[in-house]
Structure formats: C-alpha cells, structure tokens
Amino acid sequence: MAFLLEASILEDSLDVAFSAVQWIQFVMATLSVIGSSSLIAYAVFQNIQKSPEMKPLFYLSFSDLLLGICWLIEALLYGTSTANKDIICYNLQAVGQIFYISSFLYTVNYIWYLYKELRMKHSQRGQSTFPLVIDNTCRIGQVAIILSSVIPLLLMIPVFCLGNASECFRNFSQSHRCILIYSPPSAMAEILPSTSTSICSTLYFYGLAVFLTSFLLSLLTIVILLIQAQMLYKKFVKSTGFLGSEQWAVIHIVEQRVRYYPVAFFCCWGPAVILMVIKLIKPQDTKLHMALYILQALTASSQGLLNCGVYGWTQYKFFQLKQEARRDADTQTPLLCSQKRFYSRGLDPLESTLTFTTSSSTIL
C-alpha cells in the first residue's frame, strides 16, 4: 500500500510538472515567434534580406520562426483530445528536428560570415579588395545556406518514412512525448509487433545521435571560429595605424556578435543536450529529469527571442557608438579631421565591399 501511495504521489507531481512544462513552452515559443518575426520584418522593411551578412541571419530567423511555431502547436495539442493526435505529434517532432538542426547550421554559417568579415578587413587593411576573393566568399556562403537547408531534411527522411510505416506514433502523445524531446518509446512495447518495436527504438537512438552529433559539431566549429575571431580582434587592437571611429565601431560590433551568438546558442540548447546525456546515464532519476525538462522548455523554445535580442542589442550599441563618433568629430579641429580622412582613405574600397559605409550601416 505504501508503495502504491508513493507511486500515486509521484504521478500527481509529474502531471503538475508536465503542465508547467507545457505552459512554459507555450509562453517561450510565443515570444520566440514574435522575436524571429520582428527580425524578419526588420530585414524586409529595410530591404537588406539579400545582403551578404543579413542572408544567413535571415534564414536563421526564418528557421527559428518555423521551429517556434512547431513548439507552439505541440504545447497547444498537449492535453487535448484531437483526432489523430499521435500522428500529428510524432511528425511535428520530426519536423521540429529538421528546423533546429537547420538552426544549428545557420548559426555556424552566420558566425563564419562574421569571422570572414573580420579576417578580410584585417588582411586587406590599406589595400584594395580583390573581387575574386569577395565572389568566392559569397559563393561559399550561398552553398552553405543551401546545405543548411538540405542536410537536415535528408537526415530526417528515415524518421518520416520508416517511422510512419512502422506506426511509431502509437501512444506517442500519452507518454508526454508531444512536448518532450526524445523520450524513449517504452509505451509502445506492448502494442506494436517486435519488429516494429525494434525499428522504432532504432529510430529513437538514430534521432538522438543526429541531434547530439549536429550539436557537438556545430559547437566545436563555433568555438574554433570564436577563438580565431578573438585573435583577429586583438591584432586590430595592437596594430599600428589609424582607423576612424565609425570603422572601430563596426569592428567592435562584429566582434561582439561573434561572441554573443555562441552564448545564445549554448544557452538555448545546452540544457537539452545535458538532459539527453543524463537520461542515458541515469534513466531512473525522475526528479533531476523534471528539473531539466522545465529548464529545457525555458531555453530551447526561446532561440528566436534570444537571437533577436542579441541582434537588436548590438544594433543599438552600433548606432550609439556612431553617434558618439559623430559628436567627437564635431569637437575636433579641422587639422585632425583632415588627418583622419587621410589615414582612413585606404580602407574605403573595403568599406564599400563589406557594407561598412555610413549609408549602408543599417545592414549591420
């Protein structure tokens, strides 16, 4: 009797915790949709969605928007008695995995572009920019964007085809899997044939491996780019010569974005990765799992909001630094102003190429 009472209390507490996960996911997914939509609307309104820098960020925001919509639908479906709910939840999970793997790759692509921007500005300092170098960079960026869209779709084809053919969606929503990432398919063991159960278990571990591998590879690439960008920024600081205040503002903001986007990336997906690893190591630690489920709902669903916040904050700092530079220029003597124009004349070709001019500064 004591065991049954303890099990009943645990089940009630789990229901309360899953209800909290549902509402946290609903709120954060809504904010993420609003944030990513705002960034997309800003790019379209400014007509900069096709610029070299904005294109990967635009696709990242679009992926965040679609992922937020998936999270939102899953939160709304949880606890309802919709027809074919199991099928909808199963395929929504698979579609969501396409979008967050895409967001991993788009994040890497965007940070790579920022790093290349810093590297090109450093290597071409005082020289004219070769059109061939710029064309190759743009071409590589376009190929990376295409691959970031195609690779996740190809990786998830087995989950769609084999999963639906083997009816892996059976009892999918009843084990809270409509709002949880990669819960083990234990609830299907007594319903499906042994062959289908084996396929569904294999697909579960396949999806888990794809997620963890894509996250770890993306994180490793981002860390390497971050270290390289920090080294370049230190070279800028230690280098001799003169750079205009607005040029320093651009360099500083690019360095800030290279730093803060990886932080947002890890804050969003770090708890989900930690949860999956702990579930593999300690599958029976329910209390720890529930704490991480709540943390995951708070962070993973907010990627669009955090990316929008990082961009908006750095954009605000950029305009703030530009205004300070202009105020300083107003108080300088004509001789100093002419010296600034003379020393920064060699950077003009690069500025026009990398959208560092004042007229196109809204692209940043």
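Everything below is about the structure printed above this text.
Rules and cut-offs
Residues numbered from 1 in each chain as written. Predicted model: local features only at pLDDT ≥ 70, side-chain atom pairs only at ≥ 80, totals over all residues. Heavy atoms only, no water. Helix = DSSP H or I, 4+ residues; strand = E, 2+ residues; numbered from the N terminus. Buried < 20%, exposed > 50% of the residue type's maximum accessible area, 1.4 Å probe, protein only. Contact = heavy atoms within 4.5 Å. Areas by Shrake-Rupley, 256 points an atom, 1.4 Å probe, with all protein chains shown as cover. Phe/Tyr/Trp six-rings, centres within 6.5 Å; stacked < 30°, edge-to-face > 60°. Disulfide = S-S within 2.5 Å.

K.L.:
Quick question: what am I supposed to make of the overall build of the protein chain here?
P.N.:
Helices and strands together make up the secondary structure of the protein chain, namely 10 helices and zero strands. In the protein chain, the succession of helices and strands from N to C terminus is α-α-α-α-α-α-α-α-α-α. The 364 residues of the protein chain split such that 47% are buried. In the protein chain, the proportion of contacts linking residues at least 24 apart, taken out of those at least 6 apart, comes to 83%. Total accessible area computed for the protein chain in this model is approximately 17700 Å², and 68% of it derives from carbon and sulfur atoms.

K.L.:
Sorry if this is basic, but what is going on with the packing of aromatic side chains here?
P.N.:
Note on aromatic pairs: each is described by the distance of the centres and the angle between the planes. Counted by the stated rule, this structure contains 17 aromatic pairs. Between Phe58 and Tyr59 the ring centres are 6.1 Å apart and the planes differ by 85°, which places this aromatic pair in the edge-to-face class. Residue classification places Phe58 among the buried positions, given a relative accessible area of 17%. When the ring of Phe104 is compared with that of Phe265, the centres are 5.4 Å apart and the planes differ by 80°; the resulting orientation is edge-to-face.

K.L.:
Looking at this structure, how should I read the environment of Val108?
P.N.:
In this fold, Val108 is placed in helix 3 (residues 85-123). Counting along the chain gives 110 residues from Val108 to Ser218, while the straight-line C-alpha distance between them is 6.3 Å. Excluding anything up to four places from it in sequence, Val108 contacts Ser218, Thr221, Ile222 and Leu225.

K.L.:
When you look at the state of the cysteines in this model, what are you seeing that I'm missing?
P.N.:
Each disulfide consists of one covalent bond between the sulfur atoms belonging to two cysteines. Counting across every chain of the model gives one disulfide. What pairs with Cys168 in a disulfide is Cys200, and their sulfur atoms sit 2.0 Å apart. Taking the sign of the S-S torsion, -95° for the link of Cys168 and Cys200, the bridge is left-handed. With Cys168 in the loop between helix 4 (131-165) and helix 5 (194-238) and Cys200 in helix 5, this residue pair connects regions lying 32 residues apart in the sequence. For the residue pair Cys168 and Cys200, the accessibility class agrees, reading buried in each case.

K.L.:
In this structure, what is going on with the environment of Ser37? I would like to understand it.
P.N.:
Relative to the helices and strands, Ser37 is located in helix 1 (residues 2-46). The exposure class of Ser37 is partly exposed, given its relative accessible area of 29%. It is 9.0 Å that separates the C-alpha atoms of Ser37 and Cys308, two residues lying 271 residues apart in sequence.

Any functional reading would require information beyond the geometric quantities listed.
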